[in-house]
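# Chain and residue survey
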Amino acid sequence: MKQSKGMIVAFLAPAVVAFLMMFLYPVTRTVIMSFFQVESVTAKTDAWQFAGFNNYVELWNSVTFRAAMKNIMLIWLIGGIVVLSLSLLFAVVLNSGIRGKSFFRALVYMPNIISAVALATMWKQFVFVNANYGLMKGIWKTLGMGNVNWLGTDMIFWAMLIAFCFGAVGYYMLIFLSGIDRIPADLFEAATIDGANKPRQFVHITMPLLMGTLKTNLTFWSISTITFFVWSKMFSPLNTDLTTVTPMVYMYDITFGTQGNVQRSAGGGAAVGVIMALMILLIFMAVNALIRDDGIEY
Amino acid sequence: MKKIAALLVALVMMLSMTAVAEGTTELTYWSMWSSTEPQAIAIQKIIDEYTAATGVKVNVEWMGRDIKTTIETAIDAGEKVDLFDDDFQRVSQQLGGKLTDLEEMAKAVNYDDFAIAALPAAVRGWASSLKAIPYQSYSSGILYNVEMFEAAGIEAAPATWEELLAACEKLKAAGYAPFAQDDAYVRYTYGFLLARYIGQDAVKELVINGDWAENEGALKAAQRIEELHTLGYLSDEVPGTYPASQNGLGFGTTAMVVCATWVPNEVLTNTEYTGTIGMYNFPSVEGGVDPNTYANIGAQAFGIPATSENAQAAFDLIMAIVSGTGDSMLAMETNSLPCDTRNTEWPELLAGCKDAVNAQTGVYDWNMGLGENADIDATLQTNLLKLFEGGFTAQQFIDAMEEASK
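Conventions and cut-offs
- Residues numbered from 1 in each chain as written.
- Chains lettered and ligands numbered in written order.
- Predicted model: local features only at pLDDT ≥ 70, side-chain atom pairs only at ≥ 80, totals over all residues.
- Heavy atoms only, no water.
- Helix = DSSP H or I, 4+ residues; strand = E, 2+ residues; numbered from the N terminus.
- Buried < 20%, exposed > 50% of the residue type's maximum accessible area, 1.4 Å probe, protein only.
- Contact = heavy atoms within 4.5 Å.
- Areas by Shrake-Rupley, 256 points an atom, 1.4 Å probe, with all protein chains shown as cover.
- Lys, Arg positive; Asp, Glu negative; His and termini not counted.
- Charge placed at Lys NZ, Arg CZ, Asp CG, Glu CD.
- Buried area = accessible area lost by both parts, 1.4 Å probe.
- Salt bridge = Lys/Arg side-chain N within 4 Å of Asp/Glu carboxyl O.
- Polar contact = N/O pair within 3.5 Å; in protein donor to acceptor, adjacent residues only side chain to side chain.
- Nonpolar A, V, L, I, M, F, W, Y, C, P; charged D, E, K, R; others polar.
- Core = buried A, V, L, I, M, F, W, Y, C linked by side-chain atoms within 4.5 Å.
- Arc of directions from axis to C-beta.
- Domains from an automatic or database assignment.
- Pairing = 2+ DSSP bridges.
- Axes fitted to C-alpha atoms, helices over the stretch in contact; angles between N-to-C directions.
- Parallel < 35°, antiparallel > 145°, perpendicular 65-115°, else oblique.
- Left-handed = near helix turned anticlockwise from the far one by under 90°.

### Considering the overall build of chain A
Summing up its helical and strand segments, chain A has 13 helices and two strands in all. If you line up chain A on its principal axes, its C-alpha atoms span 75 × 75 × 30 Å. For chain A, buried positions account for 42% of its 298 residues. Counting only contacts in chain A whose residues sit at least 6 apart along the sequence, the fraction spanning at least 24 positions is 66%. Surface accessibility of chain A: about 16500 Å² in total, with carbon and sulfur atoms responsible for 70%.

And the structure:
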């Protein structure tokens, strides 16, 4: 069929214009803004003052931003190991032919359909509060952890991470499950006939064929953790503190100000945004370089 | 058929244009409240009465607290917003330059004659002129369970730190934990102590310049908190997860909390406590510069964007909310302080706070100025939590702040 250039342009134009307006323009403006001293997000460009890398230097010198970076790295690394391991384990177990697969799959996934605000409130008020009405008070005592102040400065980060991981496992489990479902069953049958037990099948069949899925999960995990915000706000709702602060929270605070401090720096906020985007890009490139899934066809 | 439809559409458009031309004023109000909050319900009632009396239609957008992230963009984008509200410091300082100057309109209704003087004074200080009209004000001090004070034999509200310690001892002997402290307000308590020792201006200088190790008042204020901890005057769960600790006032376990006039309402809502919660002013300290009559006073405030074409109508609506029967109804239905000084009747729940508020002579900013330096805000919060937990001594707290400020 003969293609008309006019038609191609006409069909592409709405999508291209929408992309340029909704995505490219804000991204470009944010990157440029990060090199300027700008008070408010909507400030006119003639009020911008060129500041070179000053916003980035100030971030580097900020105790709060450094704490936020440390926190997000711990969430990404430790939370990532826990969440992806547990979700893979659940996916493998659910795929091993156990009875009630649909029920357990729904059960593990259920926290994902509950609002993060409700989940965080539940964890804070009924699990971790050790005063008057902590549901787990008796259980912690039995476990010898009755005196642990879960929401004190030493433990609140870990309490937040545990609660977040609880809510995240189901989502990644579903992706792993779909990856495992795609592996042809005859591969496992052949391996069983050849005498390979379940762990060997997992190591030599499931894992190599799940590399693409693992890559997807790692990318999704990185995006969701680098933009970590709601859980931090729920665990330190009225005041930002070093133990729970993340780059997104820091960006929000400096872009819009806080109660009692109305100073703002939209340029600084933009610099945080650029750093976060670079982090995701870097992780994505590292994951692509380290995990190869193009060698096996099935 | 098409022609008839087109004619009908044209007719409807003409009719609607005629209605506008006839002078039906329509105001658009972006509100910081969510539609189900008591404040929103009370304001809606006032608006309904205002519309019935004047014929001015008011379209309300209940935006909730996220208004702080959207209002400036809306004003800059030329969105039709005739009035909005938010925290009075934010409205004055962040948006003052984009708002209508209300001095002349305020003068015409003698606004300063009935407003709580400290509130418009603060707005003028931040925005150089009256760019916002405060309402729904609050004041601060030490809120206490009156029954526990009586049971412990405390006859007069403590005016000095020594008297406060004596009261704590009596409360402890009577089986009550003297002080509650929630995580959200650790800077509030420390801010009060610090401002009593060195005054609010010096507090701001301290957080900006960071000479913590050199500042005797900073150490003394931290020592007072350490003292409360060492003497066993803080309840077991301090610092609690807001509002867990302050709820102790309603559960009958804890006698006092440093906070503001919204506490009685919160305690009532959370614990269904029906007894009296009183308030006395935060005590003075030995060698301090500020008396016990200085307190943090604050409010929400209305602003009118400079782009509004209905500034006078918007101002009139604001006056209906912040004065006379509107202000009284808002105070009564939301258990807050009236902003019109002619409204001498207070909500019953706040009766125990009235003497303290009326005795106040000086005004502090939020957290007594401790939030002046955004860079160390989170560090200060964390280190104060450790001080209240007992994880830091007063000296360790000062050392940590000195280190963070370098």
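### Examining the overall build of chain B
Each helix and strand counted, chain B has 19 helices and 11 strands in total. Expressed as lengths along the three principal axes of its C-alpha atoms, the size of chain B is roughly 85 × 50 × 45 Å. Each of the 406 residues in chain B was classed as buried or not, and the buried ones make up 57%. Sequence separation of at least 24 residues holds for 77% of the intrachain contacts in chain B that already meet a minimum separation of 6. Summed over all atoms, the accessible surface of chain B reaches about 16500 Å², with 51% contributed by carbon and sulfur. Positive and negative side-chain charges in chain B, numbering 23 and 56 respectively, have mean positions lying 6 Å apart.

### Looking at the interface of chain A and chain B
Taken residue by residue, the interface counts 31 residues in chain A and 37 residues in chain B. Between chain A and chain B, the buried area comes to about 3000 Å², and carbon and sulfur atoms account for 49% of it. Inspection of the region where chain A meets chain B yields one salt bridge. Between Glu 72 of chain B and Arg 264 of chain A there is a salt bridge, with its nearest N and O atoms 2.6 Å apart. At the surface where chain A touches chain B, the tally comes to 13 residue pairs in polar contact (both at pLDDT 80 or more). Elements that contribute at least two residues to the side of chain A that touches chain B include exactly helix H3 (63–94) and helix H12 (247–256) of chain A. Among the elements that line the side of chain A that touches chain B, the one with the most residues is H12 of chain A, at three residues. Among the residues forming the side of chain A that touches chain B, the class breakdown is 11 nonpolar, 17 polar and three charged.

### Points about the nonpolar core
Tyr 190, Trp 212, Met 256 and Phe 397 of chain B are the most contacted members of the largest nonpolar core, which totals 77 residues. Those residues in contact with Tyr 190 of chain B that lie beyond four places of it in its chain are Trp 212, Ala 218, Ala 221, Ala 222, Ile 225, Leu 370, Leu 384, Phe 397 and Ile 398 of chain B. The next biggest cluster of nonpolar side chains, apart from the first, holds 62 residues, and it includes Tyr 56, Ala 68, Trp 140 and Ile 291 of chain A.

### Topic: unusual backbone geometry
Residue and element names in this part refer to chain B. The amide bond that connects Tyr 242 to the next residue, Pro 243, takes the cis arrangement and shows omega of 5°. Relative to the assigned elements, Pro 243 resides in the loop between helix H12 (216–230) and helix H13 (248–251). Despite not being glycine, Asn 367 shows a phi value in the positive range, around 55°. Position of Asn 367 relative to the elements: it lies in the loop between strand S11 (362–364) and helix H18 (374–389). Judged by relative accessible area, Asn 367 falls into the buried class, the value being 4%. Look at Met 368: it is not a glycine, yet its phi comes out positive at around 55°. Structurally, Met 368 is set in the loop between S11 and H18.

### Side note on helix H9 (residues 198–209) of chain A
All names here are of chain A. Taken residue by residue, H9 has Gln 201, Ile 205, Thr 206 and Leu 209 as its buried positions. Summarising the axial view, the buried residues of H9 lie within an arc of 85°, below the 170-degree limit, and thus occupy one face. In this structure, H9 carries Pro 199, Arg 200 and His 204 as exposed residues pointing more than 90 degrees from its buried face. Among the structural elements, helix H7 (156–182), helix H8 (185–193) and helix H10 (211–226) are those in contact with the buried residues of H9. Put simply, Asn 197 is the residue that caps the front of H9, since its side-chain oxygen is 3.0 Å from the backbone nitrogen of Arg 200.

### Quick word on the domain arrangement of chain B
Residues and elements named next belong to chain B. Partitioning chain B into structural domains gives domain 1 (2–139 + 297–341) and domain 2 (140–296 + 358–404). Between domain 1 and domain 2, the residue contacts involve nine residues of the former and 14 residues of the latter. Summing both sides of the interface, domain 1 and domain 2 together bury roughly 860 Å²; the carbon and sulfur share of this comes to 49%. Contact with domain 2 buries area across many residues of domain 1, yet Tyr 138, Ser 139 and Ile 297 alone supply 64% of it, more than any other trio. Taken together, the links from domain 1 to domain 2 amount to zero salt bridges. Where domain 1 meets domain 2, there are four residue pairs in polar contact (both at pLDDT 80 or more).

### Considerations on the pairing of strand S7 (residues 254–260) of chain B
All names here are of chain B. Counting buried residues in S7 gives seven out of seven residues, a clear majority hidden from the surface. Here five bridges tie strand S5 (residues 140–145) to S7, and the two strands are oriented antiparallel to one another. Considered in S7, the bridge of Ile 142 is made with Val 258. Pairing analysis gives three bridges linking strand S6 (residues 177–180) to S7, with the strands arranged parallel.

### Section: the sheet that holds strand S1 (residues 26–31) of chain B
Residue and element names in this part refer to chain B. On the basis of which strands lie adjacent, the open sheet formed by five strands has the order S2-S1-S3-S10-S4 and mixed pairing. One side of each edge strand has no neighbouring strand; the edge strands of this open sheet are strand S2 (57–62) and strand S4 (132–138). Between one strand axis and the next, the sheet turns by 20° as a mean value, whatever way the strands run. The pairing of strand S3 (residues 83–87) with strand S10 (residues 298–303) spans four bridges and is classified as antiparallel. Note on S10: the bridge partner recorded for Asp 85 is Phe 302. Against the sheet, helix H7 (residues 118–127) engages S4 and S10, with an angle of about 135° to S4.

### Points about the packing of helix H5 (residues 116–128) of chain A against H7 of chain A
Residue and element names in this part refer to chain A. For the pair H5 and H7, interaxial distance at closest approach is 10 Å and the crossing angle is 130°. Taken together, the axes of H5 and H7 lie oblique to each other. Between H5 and H7 lies a crossing whose hand is right-handed. Residues Leu 119, Trp 123 and Phe 128 of H5 form the contact with H7, whose own contacting residues are Ala 159, Ile 162, Ala 163, Phe 166 and Gly 167. Of the residues belonging to the contact of H5 with H7, the class tally is seven nonpolar, one polar and no charged.

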